[in-house]
Amino acid sequence: MSSSQVTGIRPAGTRALLVELRSLADVTALHAQLKAHPLPGQIDVLAAAGTVLVRFIGRRETADAAARIQALDLTHADAPEARTVTIDTVYDGADLAEVARLTGLSEEAVVKAHSGSSWLGGFGGFAPGFTYLTGGDPVLNVPRRNSPRTAVPTGSVALAGEYSAVYPRESPGGWQLIGRTNAVMWDLDREDPALIRPGDKVIFNPVRELVTTTTAAEAASPSSEASSPTSLEVKAPGLQSLIQDLGRPGFADLGVSAAGAADTRSARQANRLVGNPAEAAVIENLFGGLEVVADGDAVLALAGAEIPAAVVSPDGSRDRPAPLNTPFALLDGETLTLGTPFRGVRSYLAVRGGVTVEPVLGSRSTDSMSGIGPAPL
């Protein structure tokens, strides 16, 4: 990569690099190169308007990557497979008149400018399926609203600055709304969940009304794991209890964060104590208060925060301490209770055999930001 393309490479913590580039075209080229040919230890890459954030598994890989990135030749970078995505759009957005005023065009001319341009998927946004589209008619360069909306409807077609986008779900937002579509921007049942990927060509097709079609849902594939005769009933989740594993890195460019256990070392330790693989799902509890009852005999382990824990008999007549960092039995009908930690904030409860929930994008983690994965307990 020539020095004219990279304007800087900065550390972002100890395991990531922020590469600053001269143009969006250079960003797209570097992003495509790193997706097609990951650097040693690379676990995620996220493009933005003028930067690419590259995350690595360790400090050594991060330190070695700067020189490798500087030496890349983007003039021969692999281009992503280009697709054309057509979005049927009804142009009746709440801000259409305001966009017409800001651009000095009629509303009809705004529609013609937006639908007459071929847009390009630039980079992922703040939510799964939200892709910043570039390359439209420059006349549509309008500022964001002075007062953002607290809730923008799903499927809203919008403008902000030089970009256009479709809101994949209801969320707050300050973009100018010019239309709406019923195209599903994010669908985990598709092989590629994002309807628009970076590098895709996007065409907005004006229509008078939107036609909704339904298709037979694909049959859900059965879990590859054998079902366990043991289950845990959650009597109280405490302040927050989530299902977590080691996360789902590699999807940041689609607006999906890595998620995963906040304290991966403790999650791994809890799994190791009960004989699970390190990547098995566990229960991550914040500030105690969790109560679970065994339906069948189970082997559990607690790691993480130093916390008082007890096993209570089915009739509540007696209890015994539940040890930390040691496997222990929770027999049929017994209840495990977690008190308030006196050191640390998160506890990790592992169950021999793992917590069986369906993986999403290869992970069983709850992702509160992206809204995917198991719901909080």
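First things first, this report covers the structure right here in the doc.

Cut-off values and rules
Residues numbered from 1 in each chain as written. Predicted model: local features only at pLDDT ≥ 70, side-chain atom pairs only at ≥ 80, totals over all residues. Heavy atoms only, no water. Helix = DSSP H or I, 4+ residues; strand = E, 2+ residues; numbered from the N terminus. Buried < 20%, exposed > 50% of the residue type's maximum accessible area, 1.4 Å probe, protein only. Contact = heavy atoms within 4.5 Å. Areas by Shrake-Rupley, 256 points an atom, 1.4 Å probe, with all protein chains shown as cover. Lys, Arg positive; Asp, Glu negative; His and termini not counted. Charge placed at Lys NZ, Arg CZ, Asp CG, Glu CD. Pairing = 2+ DSSP bridges. Axes fitted to C-alpha atoms, helices over the stretch in contact; angles between N-to-C directions. Patch = residues over 30% accessible without salt bridge, like charges linked within 9 Å, V, L, I, M, F, W, Y side chains within 5 Å. Salt bridge = Lys/Arg side-chain N within 4 Å of Asp/Glu carboxyl O. Phe/Tyr/Trp six-rings, centres within 6.5 Å; stacked < 30°, edge-to-face > 60°. Parallel < 35°, antiparallel > 145°, perpendicular 65-115°, else oblique. Nonpolar A, V, L, I, M, F, W, Y, C, P; charged D, E, K, R; others polar.

## Examining the overall build of the protein chain
Working step 1: The helix and strand inventory of the protein chain stands at five helices and 23 strands.
Working step 2: When each of the 377 residues of the protein chain is scored for burial, the buried share is 44%.
Working step 3: Of all intrachain contacts in the protein chain linking residues separated by at least 6 positions in sequence, the fraction that spans at least 24 positions is 68%.
Working step 4: Here the protein chain displays about 18,600 Å² of accessible surface, and carbon together with sulfur accounts for 52% of that area.
Working step 5: Both charge centroids of the protein chain, one from 31 positive and one from 41 negative side chains, sit 6 Å from each other.

## Focus: the sheet that holds strand 3 (residues 42-47)
Working step 1: The antiparallel open sheet is built from four strands, whose spatial order is 1-2-4-3. In the strand order of this sheet, the two ends are held by strand 1 (6-11) and strand 3, each with one partner. When the angles between neighbouring strand axes are averaged without regard to direction, this sheet yields 15°.
Working step 2: Sheet analysis places strand 2 (residues 16-21) next to strand 4 (residues 51-56), joined by five bridges and oriented antiparallel. Each residue of the ladder has a partner; that of Glu-20, found in strand 4, is Thr-51.
Working step 3: Sitting on the sheet, helix 1 (residues 24-36) touches strand 2, strand 3 and strand 4, and the angle it makes with strand 3 is about 160°.

## So, a nonpolar patch on the surface
Working step 1: Nonpolar side chains collect at one region of the surface, where Leu-239, Phe-287 and Val-345 lie side by side and expose about 290 Å² of accessible area between them.
Working step 2: Tracing the backbone shows Phe-287 in the loop between strand 16 (282-286) and strand 17 (290-295).

## Re the sheet that holds strand 23 (residues 343-351)
Working step 1: Judged by pairing direction, the sheet is antiparallel, and its five strands sit side by side in the order 15-16-23-18-21 without closing on themselves. Edge positions in the sheet fall to strand 15 (240-244) and strand 21 (328-330), since each of these pairs with one other strand and no more. Across the sheet, the axes of successive neighbouring strands diverge by a mean angle of 30°, strand direction being ignored.
Working step 2: Direction of pairing for strand 15 relative to strand 16: antiparallel, over a ladder of five bridges. Across the sheet, residue Gln-244 finds its bridge partner in strand 16, namely Val-282.
Working step 3: Relative to the sheet, helix 5 (residues 264-274) contacts strand 16, strand 18 (298-306) and strand 23, its axis offset from that of strand 18 by approximately 155°.

## Structural notes on the packing of aromatic side chains
Working step 1: In the structure shown here, the tally under the stated rule is seven aromatic pairs.
Working step 2: With a centroid separation of 5.4 Å and an interplanar angle of 85°, the aromatic rings of Phe-130 and Tyr-167 are classed as edge-to-face. Here Phe-130, found in the loop between strand 6 (119-124) and strand 7 (131-134), pairs with Tyr-167, found in the loop between strand 10 (163-166) and strand 11 (171-173); they are 37 residues apart in sequence, far enough to count as distant. Across this residue pair, the class does not change: Phe-130 and Tyr-167 are buried.
Working step 3: Of the aromatic side chains, those joined through ring pairs into one cluster are Phe-123, Phe-130, Tyr-132, Tyr-163, Tyr-167 and Trp-175.

## A short note on the packing of helix 3 (residues 96-103) against helix 4 (residues 107-115)
Working step 1: Between helix 3 and helix 4, whose axes approach to 9 Å, the crossing angle comes to 90°. Classified by the angle their axes make, helix 3 and helix 4 are roughly perpendicular. In contact with Leu-96, Ala-97, Val-99, Ala-100 and Thr-103 of helix 3, helix 4 contributes Glu-107, Val-110 and Val-111.
Working step 2: Looking at the contact of helix 3 with helix 4, its residues break down into six nonpolar, one polar and one charged.

## Description of helix 4
Working step 1: Those residues of helix 4 that sit buried are Val-110, Val-111, Ala-113, His-114 and Ser-115.
Working step 2: On its buried side, helix 4 packs onto helix 3, strand 6, strand 9 (156-160), strand 10, strand 12 (176-180) and strand 13 (201-206).

## A few points about unusual backbone geometry
Working step 1: Despite not being glycine, Phe-287 shows a phi value in the positive range, around 65°.
Working step 2: Taking relative accessible area as the criterion, Phe-287 reaches 43% and is therefore assigned partly exposed.
Working step 3: The phi dihedral of Leu-361 falls on the positive side, at around 55°, and the residue is not glycine.
Working step 4: Checked against the element boundaries, Leu-361 lands in the segment after strand 23.

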